[in-house]
Amino acid sequence: MERRKERGDAVLEKLERELMLLSRHQVLARRERDPERLERSAYLLLSRIDTQGPMSIGQLAEAFALDTSTVNRQTAALLRCGLAERVADPDGGMARKLRITVEGGRRLAGDREVNQSCLARVVAGWSPEEVRELEDVLVRLNRSAEALEGRYWPRAEEDGARTACHPPVPREPAAPAPQE
């Protein structure tokens, strides 16, 4: 039993290191000297609004588990740059919501295109099956983390993503077969 725990610890140690390195690569990609590239927080906020539709500062703070004052500063930067605008709540609520502007949509699409182009270069030597396998594993990893946090990221390919009030049900691991 102790050996199995040691092997599991070694696997988790390697997994943690590889995830750290992966986040490093993403950070370096964001530092390209292109003035059109969005700041990381702007990219994340715009991505969430793009997927879910107009959101209030409170909704964004809850979605990212951040203090409203932090989100307020970040969204103020989006407003100053013309990447988002305040609109009345389409559902008739009191809080004003943030919506992506045409310029914000253009910049977000440009960043996504660059990110996908970089990814294409990284996996250029991979088979389509290997790329799909990586996608499946990353989706499962993210959904497991989301389930632990109780915060789900809506995905555009899911039905009703723009009104993502109902979180997706995370996949449960298969139950072991009963022993005879």
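Since the structure is predicted, the reported quantities are computational estimates derived from the model, not experimental observations.

Caption draft 1: Here's a closer look at the overall build of the protein. Looking only at helices and strands, the protein has six helices and two strands in total. Mapped in sequence order, the helices and strands of the protein form the string α-α-α-α-β-β-α-α. Counting over 180 residues, the protein shows a buried share of 23%. Across the protein, every contact between residues at least 6 apart in sequence was considered, and the portion connecting residues at least 24 apart equals 52%. Of the roughly 13,300 Å² that the protein leaves accessible, carbon and sulfur atoms contribute 55%.

Caption draft 2: View of the packing of aromatic side chains. If you walk through the whole model with that rule in mind, you get one aromatic pair. The lysine or arginine in question, Arg 48, covers the ring of Trp 153, its NZ or CZ lying 5.0 Å from the ring centre.

Caption draft 3: Expanded view of the confidence of the model for the protein. When pLDDT is averaged along the protein, the result is 83, and 79% of the positions lie at 70 or above. Per-residue pLDDT stays below 50 along residues 161-180; that stretch engages in 23 contacts with residues further than four places along the chain or on separate chains.

Caption draft 4: Representation of the packing of helix H2 (residues 40-52) against helix H5 (residues 102-122). Contact geometry for H2 and H5: axes closest at 10 Å, N-to-C directions at 110°. The angle between H2 and H5 places the two elements in the roughly perpendicular class. Two secondary-structure elements touch here, H2 through Tyr 43, Leu 46, Ser 47 and Asp 50 and H5 through Gly 104, Leu 108, Asp 111, Arg 112 and Asn 115. Class assignment of the residues belonging to the contact of H2 with H5 gives a composition of three nonpolar, three polar and three charged.

Caption draft 5: Spotlight on a nonpolar patch on the surface. On the surface, a cluster of nonpolar side chains totalling about 720 Å² of accessible area is made up of Leu 12, Leu 15, Leu 19, Leu 22, Trp 126, Val 131, Leu 134, Leu 138 and Leu 141. Counting through the fold element by element, Trp 126 comes out in the loop between H5 and helix H6 (128-149).

Caption draft 6: Quick look at the side chain of Gln 52. Relative to the assigned elements, Gln 52 resides in helix H2. For Gln 52, a relative accessible area of 14% puts it in the buried group. Here Arg 48 takes part through its side chain, which lies 2.8 Å from a polar atom of the side chain of Gln 52.

Caption draft 7: Main features of H6. Here H6 spans 32 Å end to end across 22 residues, near enough to the 32 Å set by a 1.5 Å rise per residue. Note on H6: the residue one or two positions beyond its end, Gly 150, has a positive phi of about 75°.

Caption draft 8: Expanded view of the nonpolar core. With 18 residues, the main nonpolar core has Leu 38, Leu 46, Ile 49, Leu 60, Leu 78 and Leu 108 as its most contacted residues. Among the secondary structure elements, those contributing two or more residues to this core are H2, helix H3 (57-64), helix H4 (68-80) and strand E2 (97-100). Per-element accounting of this core gives the leading share, five residues, to H2. Residues within four places of Leu 60 in sequence aside, it is in contact with Leu 45, Arg 48, Ile 49, Met 55, Val 71, Thr 75 and Leu 98.

Definitions and limits used
- Residues numbered from 1 in each chain as written.
- Predicted model: local features only at pLDDT ≥ 70, side-chain atom pairs only at ≥ 80, totals over all residues.
- Heavy atoms only, no water.
- Helix = DSSP H or I, 4+ residues; strand = E, 2+ residues; numbered from the N terminus.
- Buried < 20%, exposed > 50% of the residue type's maximum accessible area, 1.4 Å probe, protein only.
- Contact = heavy atoms within 4.5 Å.
- Areas by Shrake-Rupley, 256 points an atom, 1.4 Å probe, with all protein chains shown as cover.
- Phe/Tyr/Trp six-rings, centres within 6.5 Å; stacked < 30°, edge-to-face > 60°.
- Lys NZ or Arg CZ within 6 Å of the ring centre and 35° of its normal.
- pLDDT = per-residue confidence, 0-100.
- Axes fitted to C-alpha atoms, helices over the stretch in contact; angles between N-to-C directions.
- Parallel < 35°, antiparallel > 145°, perpendicular 65-115°, else oblique.
- Nonpolar A, V, L, I, M, F, W, Y, C, P; charged D, E, K, R; others polar.
- Patch = residues over 30% accessible without salt bridge, like charges linked within 9 Å, V, L, I, M, F, W, Y side chains within 5 Å.
- Salt bridge = Lys/Arg side-chain N within 4 Å of Asp/Glu carboxyl O.
- Polar contact = N/O pair within 3.5 Å; in protein donor to acceptor, adjacent residues only side chain to side chain.
- Expected span 1.5 Å × (residues − 1).
- Core = buried A, V, L, I, M, F, W, Y, C linked by side-chain atoms within 4.5 Å.

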